[in-house]
Amino acid sequence: MSLALAERFGGEILSCDSVAVYRRMELGTAKPSAAERALVRHHLLDLYDPDEVCTAGDYARHARTVLAELAERKTLPIVVGGTGLYLRALLDGLFAAPPRDEALRELLRARAAKRGTGHLHKTLARLDARAAELIHANDVPKVIRAIEISLAARRPMTEQWTEGRDALTGYSVLRLGLDPPRAELYQRINTRAAAMFRDGLVEETRELIAEFGADCRPFTSLGYAQATTVLDGAMTEAEAIAAAQQGHRNYAKRQMTWFRREAELHPVQWLRGVGDSPAVVAEAIALVEAHLSTAAVGQPDRPPA
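No experiment lies behind these values; they were computed from the predicted model shown.

**Some words on the overall build of the protein chain**
Here comes step 1: In terms of regular secondary structure, the protein chain is built from 14 helices and five strands.
Here comes step 2: Scaling as 2.2 N^0.38, a compact globule of 305 residues should have a C-alpha radius of gyration of about 19 Å, and the protein chain matches this with 20 Å.
Here comes step 3: In terms of overall dimensions, the protein chain has C-alpha extents of about 60 × 45 × 35 Å along its principal axes.
Here comes step 4: Looking at the protein chain residue by residue over its 305 residues, the buried ones come to 45%.
Here comes step 5: For the protein chain, the share of sequence-separated contacts (at least 6 apart) that also reach a separation of at least 24 residues comes to 73%.

**What to know about the packing of aromatic side chains**
Here comes step 1: For the structure shown, the criterion picks out two aromatic pairs.
Here comes step 2: Here tyrosine 22 and tyrosine 48 contribute two aromatic rings whose centre-to-centre distance is 6.5 Å and whose plane-to-plane angle is 55 degrees, an arrangement assigned as tilted. Residue tyrosine 22 is found in the loop between strand S1 (12-15) and helix H2 (34-39), and its partner tyrosine 48 is found in the loop between strand S2 (42-43) and helix H3 (56-72); the two are separated by 26 residues along the sequence.
Here comes step 3: For tyrosine 48, a relative accessible area of 14% gives the class buried.
Here comes step 4: The ring of phenylalanine 9 has arginine 8 sitting right over it, with the charged end atom 4.8 Å from the ring centre.
Here comes step 5: Sitting over the ring of tryptophan 270, arginine 260 keeps its end group 4.6 Å from the ring centre.

**Digging into unusual backbone geometry**
Here comes step 1: A positive phi angle is found at alanine 30, which is not glycine, with a value near 50 degrees.
Here comes step 2: With respect to the secondary-structure elements, alanine 30 resides in the loop between S1 and H2.
Here comes step 3: Positive phi values are uncommon outside glycine, yet aspartate 46 reaches one of about 60 degrees.
Here comes step 4: Summarising the element assignment, aspartate 46 is placed in the loop between S2 and H3.
Here comes step 5: Overall, aspartate 46 belongs to the partly exposed group, its relative accessible area being 24%.

**Describing helix H1 (residues 2-9)**
Each full turn of the α-helix corresponds to 3.6 residues, which orients residues three or four apart in the same direction.
Here comes step 1: Regarding H1, the residues found buried are Ser2, Leu5, Ala6 and Phe9. Along H1, the residues classed as buried sweep out an arc of 100 degrees about the axis, all on the same side.
Here comes step 2: Note on H1: the residue one or two positions beyond its end, glycine 10, has a positive phi of about 65 degrees.

**Details of the nonpolar core**
Here comes step 1: In terms of nonpolar packing, the biggest core is built from 62 residues, with Tyr59, Leu120, Leu124, Met157 and Phe197 touching the most fellow members.
Here comes step 2: With eight residues, H3 is the single largest residue contributor to this core.
Here comes step 3: Once you skip the residues sitting within four places of it in the chain, tyrosine 59 turns out to touch Ser15, Cys16, Val21, Leu44, Cys54, Val79, Tyr86 and Leu90.
Here comes step 4: Within the second largest apolar cluster, 13 residues are counted, among which are Ile13, Leu271, Ala284 and Ile285.

**Here's the deal with the pairing of S1**
The side chains of a regular strand alternate, first on one face of the sheet and then on the other.
Here comes step 1: Residues of S1 alternate between two faces, with Glu12 and Leu14 on one and Ile13 and Ser15 on the opposite face, all of them buried.
Here comes step 2: For S1 and strand S3 (residues 77-80), the ladder comprises four bridges, and the chain directions are parallel. Its bridge partner being in S3, isoleucine 13 is matched across the sheet by isoleucine 78.
Here comes step 3: Pairing between S1 and S2: two bridges, direction parallel. Considered in S2, the bridge of isoleucine 13 is made with histidine 42.
Here comes step 4: Crossover S1 to S2 through H2 is right-handed.

The rules behind the values
- All residue numbers refer to positions counted from 1 along the written sequence of the respective chain.
- Reporting in this predicted model follows two pLDDT cut-offs: at least 70 for local features of residues, and 80 or more for side-chain atom pairs to be given and counted; totals over whole chains, interfaces and linings ignore these cut-offs and use all residues.
- Side-chain numbers here rest on the full set of heavy atoms in the structure, without hydrogens or water.
- Going along the chain from the N terminus, every DSSP run of H or I of four or more residues is numbered as a helix, and every run of E of two or more is numbered as a strand.
- Put simply, the radius of gyration uses C-alpha atoms, and a globule should come to 2.2 Å times the residue count raised to 0.38.
- The buried label applies to any residue whose accessible area, calculated with a 1.4 Å probe on protein chains only, is under 20% of its type's maximum; exposed applies above 50%, and partly exposed to all values in between.
- The contact criterion used is simple: two residues touch if any of their non-hydrogen atoms lie within 4.5 Å.
- For Phe, Tyr and Trp, where Trp contributes only its six-membered ring, two rings pair if their centres lie within 6.5 Å, and the inter-plane angle classes them as stacked under 30 degrees, edge-to-face over 60, or tilted in between.
- Two thresholds decide whether a charge sits over a ring: the Lys NZ or Arg CZ must be within 6 Å of the ring centre and within 35 degrees of the ring normal.
- Here, the arc refers to the directions that run from the helix axis to the C-beta atoms.
- To define a nonpolar core, start from buried Ala, Val, Leu, Ile, Met, Phe, Trp, Tyr and Cys residues and group those joined through side-chain atoms within 4.5 Å.
- In short, DSSP must find at least two bridges between two strands for them to pair.
- Crossover handedness is defined here as right-handed if the route from the first strand over the helix to the second strand goes clockwise, with the strands pointing away from the viewer.

The structure is reproduced here in structure tokens:
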């Protein structure tokens, strides 16, 4: 759908994916193909090596630089992806989080190693129930950071999110969300996850670990985490595919939870179908046309995001 919109309106695409920012991580991120990138210019892909850190704040700074460049060229930016925190950082800004507490982090890592990730997640649930709903128990770095922030301020991290933000200004934003039938969504997830392994995800992961080491955070993301278990001998490839499929389905549920809650503050135009459906694409084009017409009245010199 983003390709169709970019072609129709002469726009360019900004990826909003927390793993696609890493170079050489191709199969597990389902990045746009070379042909798709040649068709429409893409931004915010391949910014970092896997052993480098990219935070939501880092992403937002890169993305806002691109937005300013596109505004100068009077070009429509189309932000595409499912990493909710990165989109929030870009559009709403982030609160002033406390600095890292390495001693606390080491303590929490040791606790997770000894008692399991579920125990650490229960600790977060006691401190910030909403954050626990949004962060998966196996995403230990995010769980630890949420606990760290909640303890430092002595109140839930999610309560702090609305404070001290540097919101993006000067843009008229239209939010489009895809809401396909659950059965079709899951079928596509299963097919895509299996294709990643068929196309060589295990070998890609092997090469990345050999060059950058096994402790890089991006290697804990869906697909790469399961490929790593194959390399470790903990799962067969068939078992890893099934685990990746389940993990992606669970993530899709959490994405919908996140964006529906975001919609309480920022209305979303939900499109009931998949992004390559001609009817859905036509509906999206009509919505963008209407939005551009309305936004042009109030802000003639600034393209909407």
